[in-house]
Amino acid sequence: MKSIKRVSLLVGLLFAILSNAQIKLPRLISDGVVLQRNEEIKIWGWASANEKVEMTLKGKKYKTTADQNGNWSILLNPQKAGGPYTIKFKGKNQVSVNDVLFGDVWLGAGQSNMVTPMERVKEKYPDEVANANYPEIRNFFIPTLSNVAGPEKDLPAGEWKPAVAGDIIPMGAVTFFFAKDLYKKYGVPIGIINSSVGGTPIESWISEDGFKEFPSDLETIQRNKDENYSSQFTTRPPAPDVQPEIKDEGLTGPIKWYENEYQPKGWNNYYIPGYWEDQGLRDLNGVVWFRRELEIPDELVGVEAKLFMGRIVDADEVYVNGTKIGNITYQYPPRRYTIPEGVLKKGKNLVVVRVTNSGGKGGFVPDKNYELTAKGISVDLKGEWQYKVGEVFKPFRGGRRGSGYNQFWAQNQPTALYNAMIAPLTNMSVKGMLWYQGESNTGRPKAYADYLPALIEDWREKFNKPNAPFLWVQLANFQDVDYLPTESNWAELRFSQFKTLSVPNTAMAVIIDLGEWNDIHPLNKEGVGKRLALGALKLAYDEDVVHSGPIFKSSEIQGDKIVLHFDSVGSGLVSIDGEPLHRFEIAGQDQEFVWADVQIVGNTVVVKSDEVPRPAYVRYAWADNPMGANLYNKEGLPASPFQNFDNDELNQLPWQGKKAAVILTYDDALNVHLDNVIPLLDSLNLKGTFYVSTFSEAFRNRLNDWKRITWNGHELANHTIFHPCIGKESRPWVKPDYDMATYTVQRMVDEIKINNILLEALDGKKERTFAYTCGDFTVNGDDFFIDELKDDLVAARAVRSEMHTIDQVDLYSMDSYAIVDASGEEMIDMVKKAVETNSLLIFLFHGVGGEHSMNVSLEAHKELLEYLKQHDTEVWTAPLIDVAKNVKAYQSKTKTK
């Protein structure tokens with residue numbers, strides 16, 4: 001009875017609250033708001049259930065009634081650009097929204113480079129910061145919020161601010177310059193909604209509905225909704241009653257190392273800028289102090305001054321003449337400190353910097369500004385300093401140093417930022433969307449090619465604007481320059497961004513010439529904003545402009561050359577610096593890239609190299625920092641990095657688009673494999689698969705040699721630890737301990753799993769293929785063991801002399817031909833048959849030039865390999881693991897269809 005009364009009381013209380021509810025507007029609909037011009041828009045809010053709501057704008061009244069849940073909305077007919085206006089709302093209460101403008105509203109989102117405010121770039125753009133006067137450009141910045149449980153209806157904070165001196169400082173620099181270009185051209189108000197969080201992945205920004213093609217992410221989303229799950233990570237253990245002991249010698253003595261009275265002893269020379277690992281402090285994580293005495297001009301004595309200490313990895317505290325003038329706790333912000341009046345003195349002035357670093361290289365980032373300035377006078381701070389180590393951090397095992405618990409980073413979880421920072425905006429009409437993100441996804445760059453189109457589709461659907469212009473910024477050049485062709489996750493992610501241009505009504509700002517090698521947050525935000533604005537002019541305003549640099553369209557092989565065709569050539573292709581085109585790479589079927597000789601011919605680029613007589617593949621600007629990439633159009637816009645192939649797409653074609661696939665496998669870890677086979681394979685740039693039993697003497701005696709072959713792309717594969725076989729009359733060499741007729745399934749499974757671990761210790765790879773020893777599928781009679789290993793193995797090779805088309809291949813029984821005394825001509829005929837039937841052919845070799853009774857001559861083996869190399873345009877020769885992945889991708893695709 002008591003429980004019924006309690007429920008009745010709660011219901012009555014809830015009713016009373018709702019009946020007294022008043023009109024409430026979303027944070028976005030507030031003073032200074034910019035609303036989208038020239039299209040029907042929704043004005044929405046909340047009130048009590050069934051409350052009548054009246055809105056007045058420009059003398060016209062609009063009426064509606066809230067629903068049972070208190071939600072209401074009013075559709076407003078298209079309005080011309082202009083203002084300011086006041087919108088009044090009347091219900092049980094009255095609310096006014098003042099200074100309302102109609103113009104164009106753009107959503108800007110992403111991570112730190114979209115966040116980066118004008119304050120961060122004020123030294124680069126001092127006139128903009130000091131004299132900005134664009135009251136009709138308005139910015140709504142959303143503070144960092146996250147929610148893994150579900151979408152929020154409104155924002156807890158935020159306000160519209162004009163781009164004028166004083167208010168422009170917190171505005172995102174990219175979006176300011178973007179808006180400025182549009183405003184200067186059209187003279188209409190521009191509203192920017194900046195919803196960005198530094199260091200976050202794209203998955204955080206997609207709604208749950210947007211993950212319908214990503215089952216593993218959907219599982220994570222559901223798991224995160226369980227508070228019992230997430231709380232086990234977020235619960236911090238109780239803080240100790242006592243503060244941790246200070247161990248930094250610079251702070252523990254009677255006189256601190258930053259004080260003027262301190263007399264330095266045992267300090268060593270150091271050159272700023274530079275990292276301490278490069279100046280004699282090997283692998284040091286800890287606290288290092290730096291000091292320098294400066295003579296300053298008399299004009300600077302006693303005045304307020306600016307101290308620039310570039311960028312410091314990671315945290316720092318800066319003292320001048322014993323006075324602390326500032327500190328920053330992480331590596332990315334520029335160090336710009338104000339020295340108060342009266343601190344600088346005549347004669348010598350002491351500058352001390354205390355630097356703390358817990359991982360990687362610590363110290364002072366090169367190519368940054370290190371100076372003391374005032375009254376137009378600059379004192380250079382680069383050069384000789386002195387350093388002394390204050391504390392050395394002991395290596396921390398088992399987790400993040402000093403954390404003591406597993407932290408759950410909600411903002412990095414799928415949907416978390418969408419729910420809190422995008423969902424509350426979706427009733428707002430926008431002109432288009434800007435996206436600057438990707439740095440946090442460079443660890444899995446290929447997946448970005450699926451995530452970015454999913455985000456675009458998701459947002460267009462949620463904002464009810466199926467063809468909204470969507471513009472993004474491609475990753476800038478960053479990190480050290482490579483002077484040889486190399487693989488690059490940053491290039492892979494740029495290529496994923498490039499491929500997303502296939503989504504209609506999208507554009508990409510290429511900025512591989514606007515980055516900085518030593519700063520993930522480059523300062524040239526004006527160039528980025530202007531290039532985004534060009535995309536907006538083209539897509540959102542239907543202007544006839546060249547909005548992009550050259551975009552690779554297609555390629556054709558002409559003998560020893562590859563001819564490249566481009567879209568967006570504008571007035572023509574050029575080398576922007578007048579030098580020969582750089583950063584083009586060319587390769588044959590083996591994808592071993594070399595620098596290419598390149599020429600512009602009309603609106604095409606012709607690529608060749610004497611090292612690659614039969615070219616197949618081309619890459620451009622394929623590096624973290626492709627310095628020297630100089631293909632542009634005459635409008636001065638850089639070509640996007642690209643490659644003329646996509647391994648993921650190739651992998652969905654039978655034999656990666658070739659007529660047949662050949663796998664060269666070698667069993668039993670023989671010395672002749674290292675001495676005879678590997679040199680020949682490497683000379684022809686072919687890759688083989690080597691099935692090894694780690695207990696074998698030939699393997700144990702030459703571990704370093706087996707490890708070395710993996711560096712060149714050969715596959716080390718699993719042949720169990722001991723190479724067990726079922727004992728038969730024909731197998732007198734089978735040892736009783738390794739007679740599979742006496743094995744259990746568990747023993748066999750354990751041997752194979754342990755061998756996987758041993759091989760991983762050698763080559764660092766987790767994926768592995770297996771070969772049935774002696775072709776035996778069972779242990780102890782009829783007990784099959786492979787079903788218990790399919791989660792641990794990609795595929796398994798059997799021994800049966802058959803070829804199969806790609807749709808017929810059984811990944812856990814891939815048939816092979818055991819070669820004994822075959823001639824080169826006989827093996828080549830087998831390859832020809834595979835080509836005729838579009839089949840897979842697996843060769844199984846033991847002895848190659850000796851060391852085994854199952855032997856093939858060196859001459860015959862060489863003849864086969866040379867034939868495979870000469871016919872690599874129609875025969876794909878690859879390790880078994882690569883072919884197995886091709887089979888799996890193709891069969892999955894056809895099964896799905």
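Nothing here was measured: the structure is a model prediction, and the numbers come from that model. (Residues numbered from 1 in each chain as written. Predicted model: local features only at pLDDT ≥ 70, side-chain atom pairs only at ≥ 80, totals over all residues. Heavy atoms only, no water.)

### Considering the overall build of the chain
Point 1. Regarding its fold elements, the chain presents 19 helices and 49 strands.
Point 2. Dimensions of the chain, computed from the C-alpha atoms along their principal axes, are close to 100 × 80 × 75 Å.
Point 3. Taken across its 897 residues, the chain has 54% of its residues classed as buried.
Point 4. Restricting the contact set of the chain to residue pairs at least 6 apart, pairs at least 24 apart contribute 75%.
Point 5. Counting every atom, the chain has about 40400 Å² of accessible surface; 49% of that belongs to carbon and sulfur.
Point 6. Side-chain charges of the chain comprise 99 positive and 119 negative groups, with the mean position of each set lying 8 Å from the other. (Helix = DSSP H or I, 4+ residues; strand = E, 2+ residues; numbered from the N terminus. Buried < 20%, exposed > 50% of the residue type's maximum accessible area, 1.4 Å probe, protein only. Contact = heavy atoms within 4.5 Å. Areas by Shrake-Rupley, 256 points an atom, 1.4 Å probe, with all protein chains shown as cover. Lys, Arg positive; Asp, Glu negative; His and termini not counted. Charge placed at Lys NZ, Arg CZ, Asp CG, Glu CD.)

### Quick look at empty space enclosed by the protein
A water-sized probe rolled over the atoms picks out the places where empty space is left.
Point 1. Applying the stated rule across the entire model yields four cavities of 30 Å³ or more.
Point 2. Taken as a whole, the largest cavity encloses approximately 70 Å³ of empty space.
Point 3. Lining the largest cavity, in full, are Lys446, Glu492, Phe495, Ser496, Lys499, Gln643, Asp646, Asn647 and Asp648.
Point 4. When contributions to the lining of the largest cavity are tallied by element, the ones reaching two or more residues are helix 10 (489–499) and helix 12 (647–650).
Point 5. The element best represented in the lining of the largest cavity is helix 10, accounting for four residues.
Point 6. By residue class, the composition of the lining of the largest cavity is one nonpolar, three polar and five charged.
Point 7. Roughly 50 Å³ of volume is contained in the second largest cavity.
Point 8. Lining the second largest cavity are Met508, Ala509, Val510, Arg531, His547, Ser548, Gly549, Leu637 and Pro638.
Point 9. Here the residues of the lining of the second largest cavity are counted per class, giving five nonpolar, three polar and one charged. (1 Å grid on protein atoms, 1.4 Å probe; cavity = no way out; pocket = protein on both sides within 12 Å on 5 of 7 lines; lining within 4 Å. Points joined across faces, edges and corners; volume = space filled by probe spheres on them. Nonpolar A, V, L, I, M, F, W, Y, C, P; charged D, E, K, R; others polar.)

### Considering the packing of aromatic side chains
Each pair of aromatic rings is reported with the distance of its centres and the angle of its planes.
Point 1. Evaluation of the coordinates by the stated rule reveals 50 aromatic pairs.
Point 2. For the ring pair Phe699 and Trp706, a centre distance of 6.0 Å and an interplane angle of 35° mean the geometry is tilted. For the pair Phe699 and Trp706, one class covers both residues: buried.
Point 3. The rings of Trp257, Tyr258, Tyr262, Trp267, Trp289 and Tyr319 are connected pair by pair, giving a single aromatic cluster.
Point 4. Residue placement shows Arg700 over the ring face of Phe695; its charged tip is 4.8 Å from the ring centre. (Phe/Tyr/Trp six-rings, centres within 6.5 Å; stacked < 30°, edge-to-face > 60°. Lys NZ or Arg CZ within 6 Å of the ring centre and 35° of its normal.)

### Comments concerning the pattern of salt bridges
Point 1. Overall, the coordinates contain 51 salt bridges when judged by the stated rule.
Point 2. Across the pair Arg335 and Asp316 runs a salt bridge, and its minimum N-O distance is 2.6 Å. Here Arg335, found in the loop between strand 17 (323–328) and strand 18 (336–339), pairs with Asp316, found in strand 16 (residues 315–320); they are 19 residues apart in sequence, far enough to count as distant.
Point 3. Between Arg702 and Asp705 there is a salt bridge whose closest N-O contact spans 3.0 Å.
Point 4. Among the ionic contacts, a cluster of salt bridges with common partners joins Glu119, Lys122, Glu123 and Arg336. (Salt bridge = Lys/Arg side-chain N within 4 Å of Asp/Glu carboxyl O.)

### Focus: the confidence of the model for the chain
Point 1. Per-residue confidence for the chain averages 94 on the pLDDT scale, and 95% of its residues sit at or above 70.
Point 2. Ignoring residues within four places in sequence, the model shows residues 1–19, a span with pLDDT below 50, making four contacts including any to other chains.
Point 3. Note on residues 398–405: pLDDT is under 50 here. Beyond four places in sequence and across chains, it has 10 contacts. (pLDDT = per-residue confidence, 0-100.)

### Comments concerning the sheet that holds strand 15 (residues 312–313)
Point 1. In space, the three strands of this open sheet follow the order 12-20-15, with antiparallel pairing throughout. This sheet does not close on itself; its edge strands, each paired only once, are strand 12 (274–275) and strand 15.
Point 2. With two bridges joining them, strand 12 and strand 20 (residues 363–364) adopt antiparallel strand pairing. Across the sheet, the residue bridging to Tyr275 is Gly363, located in strand 20. (Pairing = 2+ DSSP bridges.)

### Description of helix 16 (residues 745–763)
Point 1. Here helix 16 spans 27 Å end to end across 19 residues, near enough to the 27 Å set by a 1.5 Å rise per residue.
Point 2. Turning to helix 16, its buried residues number three or more, namely Val745, Met748, Val749, Glu751, Ile752, Asn755, Asn756, Leu759, Leu762 and Asp763. Relative to the axis of helix 16, the buried residues are bounded by an arc of 160° and lie together on one face. The exposed residues of helix 16 that point more than 90 degrees off its buried face are Ile757 and Ala761.
Point 3. Looking one or two residues beyond helix 16, the residue adopting positive phi is Gly764, at roughly 75°. (Expected span 1.5 Å × (residues − 1). Arc of directions from axis to C-beta.)

### Re the state of the cysteines
Point 1. For the coordinates displayed, the defined rule picks out one disulfide.
Point 2. In this model Cys725 forms its disulfide with Cys774; the gap between the sulfur atoms is 1.8 Å. Since a negative S-S torsion denotes a left-handed disulfide, the Cys725-Cys774 link at about 75° is right-handed. Here Cys725, found in the loop between strand 39 (715–718) and helix 16, pairs with Cys774, found in the loop between strand 40 (769–771) and strand 41 (778–779); they are 49 residues apart in sequence, far enough to count as distant.
Point 3. On the basis of relative accessibility, which here comes to 29%, the residue Cys774 falls in the partly exposed class. (Disulfide = S-S within 2.5 Å.)

### Quick word on the layout of surface pockets
Point 1. When its volume is computed, the largest pocket comes out at roughly 1300 Å³.
Point 2. As for the largest pocket, its lining consists of 43 residues, and the residues nearest its centre are Asp590, Gln591, Asn647, Pro879 and Asp882.
Point 3. When contributions to the lining of the largest pocket are tallied by element, the ones reaching two or more residues are strand 34 (617–620), helix 12, strand 39, helix 18 (858–870), strand 49 (875–877) and helix 19 (880–896).
Point 4. Of the residues contributing to the lining of the largest pocket, the split by class is 13 nonpolar, 11 polar and 19 charged.

### Some remarks on the pairing of strand 13 (residues 286–295)
Point 1. Within strand 13, eight of the 10 residues are buried, which leaves it mostly tucked inside the rest of the structure.
Point 2. Looking at chain direction, strand 13 and strand 19 (residues 348–357) are connected through 10 bridges and run antiparallel. What sits directly across from Arg291, in strand 19, is Val352.

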